[in-house]
Amino acid sequence: AGSPRRVKNFHNDIKDSECYTILLKQIAPKGSGVDTRALAEPNMDKRAGLVLGNADKIGCKKFLKPRDIVTGNAKLNLAFVANLFNMHPSLEPVDNSEFEIIEETREEKSMRNWMNSLGVDPFVKYLYEDLRDGLILIQLFEKVYPGIVDQKRVNYPPWKAMGGEMKKIENCNYAVALAKQVGFSVVGIDGKNVYDKNKMLTLSVVWQLMRAYVLEILRKLSQDGKPISEAQIVAWVNTTLKNAGKHCQIGGSGFKDPALGSGVIILDLVDAIQPGSVDYGLVAGGDSPDDQLSNAK
């Protein structure tokens, strides 16, 4: 855009609205009506209002009020800029012809992120491909059930051209054997399924590992060393909400309560645990699917 200005933070550097005005003009689609009139407005509040008017023209008037710009509310300004980038990145299209596009479901992404959060090595980028040598699964069993893995039964790279495939399948078979050892349901699953990247059967093992990990955390949190029940968790949530003066509660159906879908109960719980952490100006009513998705984000 030819401007000498540079933004180094989301508070002092954006208070005068100049950078926002230039940015919006630069990224706005042609014919959207976005202009730079704000630069001629000496009143900072009015200038910020003109900026948000331009943002509204391209469907990005979210998170901010004029005073949030003028006072330099860093968190809200960051959210505003993130939404601008998401809606109008204004980047040159990338030639993906040389790259394989691998799509993943929300469930697959959650499982992959969970594995990486535990520090598995190597970092899992492609769920099924990176699990097919069995080593990640074996690491996960060791992390969830410390001491369970017999390292003498584990094959490590480098893989030889002759016999390397069999070594990987042996690892996968050992991972399934570990699953049986801890009582997982693995009927009809063998190591070759994991090696062949069978999605449903691989996910079945990983999901049971995630569940065991969560139950182990809950067991450690309990006073008697036994897993905490759903009823105990619901009771704690409702008590925490009540003590914080919140009016919502989880009903008798527990985690199947449709009211949880609005996201409001979760946000109230977060604010009850950390008072003031939730900006209720951004919380929607939760009645429509769009409101529910907005609250979930």
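Everything below is about the structure printed above this text.
Since this is a predicted model, take the numbers as computed values, not measurements. (Residues numbered from 1 in each chain as written. Predicted model: local features only at pLDDT ≥ 70, side-chain atom pairs only at ≥ 80, totals over all residues. Heavy atoms only, no water.)

S.K.: Where do I start with the packing of helix H5 (residues 106–117) against helix H10 (residues 199–221) in this structure?
M.R.: One can describe the packing of H5 onto H10 by two numbers: an axis separation of 11 Å at closest approach and a directional angle of 50°. Considering the angle they form, H5 stands oblique to H10. Both H5 and H10 take part in a crossing whose hand is left-handed. Facing H5, whose interface residues are Glu107, Glu108, Met111, Trp114 and Met115, H10 presents Lys199, Leu203, Val206, Trp207, Leu209, Met210 and Tyr213. When the residues that make up the contact of H5 with H10 are grouped by side-chain class, the tally is nine nonpolar, no polar and three charged. (Axes fitted to C-alpha atoms, helices over the stretch in contact; angles between N-to-C directions. Helix = DSSP H or I, 4+ residues; strand = E, 2+ residues; numbered from the N terminus. Parallel < 35°, antiparallel > 145°, perpendicular 65-115°, else oblique. Left-handed = near helix turned anticlockwise from the far one by under 90°. Contact = heavy atoms within 4.5 Å. Nonpolar A, V, L, I, M, F, W, Y, C, P; charged D, E, K, R; others polar.)

S.K.: Is there a simple way to explain unusual backbone geometry in this structure?
M.R.: A negative phi angle is the norm for most residues apart from glycine, just as the trans form is the norm for most peptide bonds. A cis amide bond, omega 10°, links Asp121 with the succeeding residue Pro122. With respect to the secondary-structure elements, Pro122 resides in the loop between H5 and helix H6 (127–131). The linkage connecting Pro157 with the following residue, Pro158, adopts the cis geometry, with an omega of 10°. If you trace the backbone, Pro158 turns up in the loop between helix H7 (135–144) and helix H8 (164–181). Even without being a glycine, Phe63 presents a positive backbone phi close to 75°. Residue Lys197 is not a glycine yet carries a positive backbone phi of 65°. Following the sequence through the fold, Lys197 ends up in the loop between helix H9 (191–195) and H10.

S.K.: Mind showing me how you'd approach the environment of Asp13 here?
M.R.: Counting through the fold element by element, Asp13 comes out in the segment before helix H1 (18–27). C-alpha separation for the pair Asp13 and Ile69, spaced 56 residues apart in sequence, amounts to 10.0 Å. If sequence neighbours within four positions are ignored, Asp13 has contacts with Arg5, Arg6, Val7, Lys8 and Cys19. Of note is the side chain of Asp13, whose polar atom sits 2.8 Å from the backbone nitrogen of Lys8. (Polar contact = N/O pair within 3.5 Å; in protein donor to acceptor, adjacent residues only side chain to side chain.)

S.K.: Would you mind going over the pattern of salt bridges with me for this structure?
M.R.: It is possible for side chains bearing opposite charge to pair when their charged atoms get close. Overall, the coordinates contain ten salt bridges when judged by the stated rule. Residue Lys57 is joined to Asp35 by a salt bridge in which the shortest nitrogen-to-oxygen separation is 3.8 Å. Remark: Asp35 occurs in the loop between H1 and helix H2 (44–57) and Lys57 occurs in helix H2; sequence separation between them is 22 residues. The exposure class of Lys57 is partly exposed, given its relative accessible area of 40%. Among the ionic pairs, Lys246 bridges to Asp271, the shortest N-O distance being 2.8 Å. (Salt bridge = Lys/Arg side-chain N within 4 Å of Asp/Glu carboxyl O. Buried < 20%, exposed > 50% of the residue type's maximum accessible area, 1.4 Å probe, protein only.)

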